[in-house]
Amino acid sequence: MVARKLIGCALVHGGRAGLIVETEAYLGPQDLASHARFGATRRTSVMFGPGGVSYVYLCYGIHHMFNIVTGGDGQGQAVLIRAIAPYLGLADDAAVGRGPGKVTRALGLDARHDRRDLATGDLFVAAAVAPPRIARGPRIGVDYAGAWAERPLRFWWRDHAAVSRGRPDSGRRRP
């Protein structure tokens, strides 16, 4: 699964980069937690295109969220980058990218970075390090999706300080 394989990769934008330490997978129109559940709209049509493209949207009118489209044409799949750890050009502070809104702030990403081909340009994903242990569990903040909320589609670098707080059963030690 792409969401798991992204843990330990670097998300690079210009002179800044963060190690991806937490992701969530969204599996297409049947996934009731996914934006794709409404079909291809003006905002979500990018999810139904080829993989390897960015999907950036504004959440609650406040935070931009960065996703990577992962499915093939028509599938509506994407992975939300939930947290990054400082890697290059970021303050040495585990909290700088702890949460999806902080990811985009730390890397200077916004709506202008929507629908970018991640194989070209100054926004891309690169191999970086192998995390020692990866945990998996339910996604965060999608309780409205019923049984889909409980599916173990969230992945994180176990015990990494930059992982978001998540749920009490997330397997991450509390400070």
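A brief report on the enclosed structure follows. Sequence order as written defines residue numbering, which begins from 1 separately in each chain. Per-residue local features are limited, in this predicted model, to residues with pLDDT of at least 70; the limit for side-chain atom pairs, both in listing and counting, is 80 or more; totals at the level of whole chains, interfaces and linings are taken over all residues. For the side-chain quantities, the full set of heavy atoms in the structure was used; hydrogens and water were omitted.

Quick look at the packing of aromatic side chains
Any pair of Phe, Tyr and Trp rings, taking the six-membered ring for Trp, is counted once the centres come within 6.5 Å. Such a pair is stacked with planes under 30 degrees apart, edge-to-face with planes over 60 apart, and tilted for the rest. In this structure the tally under the stated criterion is 1 aromatic pair. Here the aromatic rings of Y55 and Y57 are separated by 5.2 Å at their centres, their planes lie at 35°, and the arrangement is tilted. For the pair Y55 and Y57, one class covers both residues: buried. Here, a charge over a ring is recorded when the distance from Lys NZ or Arg CZ to the ring centre is within 6 Å and its angle to the ring normal is within 35 degrees. The side chain of R154 reaches across the aromatic face of W156, ending 4.2 Å from its centre. For the exposure calls, accessible area comes from a 1.4 Å probe over protein chains only, and a residue counts as buried if that area is under 20% of its type's maximum, exposed if over 50%, partly exposed in between.

Here's the deal with unusual backbone geometry
In this structure, Y60 is a non-glycine residue whose phi angle is positive, near 55°. For Y60, a relative accessible area of 73% corresponds to the exposed category.

Brief notes about helix α2 (residues 100-107)
Buried residues dominate α2, accounting for 6 of its 8 residues. All of the buried residues in α2 are P100, G101, V103, T104, A106 and L107. Think of it this way: any DSSP run of H or I at least four residues long counts as a helix, any run of E at least two long counts as a strand, and we number them from the N terminus. Just beyond α2, the residue with positive phi is G108, at close to 70°.

Notes on the nonpolar core
In this structure, L11, I20, F66, I81 and I84 are the most contacted members of the largest nonpolar core, which totals 50 residues. At the level of secondary structure, the elements contributing two or more residues to this core comprise β2 (16-26), β3 (54-59), β4 (63-69), β5 (78-88), α2, α3 (147-150) and β8 (154-157). Here this core gets 7 residues from one element, more than from any other, and that element is β5. Note on contacts: a residue pair is in contact if any heavy atoms of the two residues lie within 4.5 Å. The contacts of F66, once residues within four sequence positions are left out, are L11, S54, Y55, V56, V79, L80, I81, T104, L109, L118 and L123. Nonpolar cores were defined as sets of buried Ala, Val, Leu, Ile, Met, Phe, Trp, Tyr and Cys residues, with membership established by side-chain atoms within 4.5 Å.

A look at the environment of G52
Among the secondary structure elements, G52 is positioned in the loop between β2 and β3. What makes G52 partly exposed here is its relative accessible area of 29%. Sequence-wise, G52 and D122 are 70 residues apart; in three dimensions their C-alpha atoms are separated by 14 Å. Setting aside anything within four residues of it in sequence, one finds G52 in contact with V69, R116, D117, L118 and A119.

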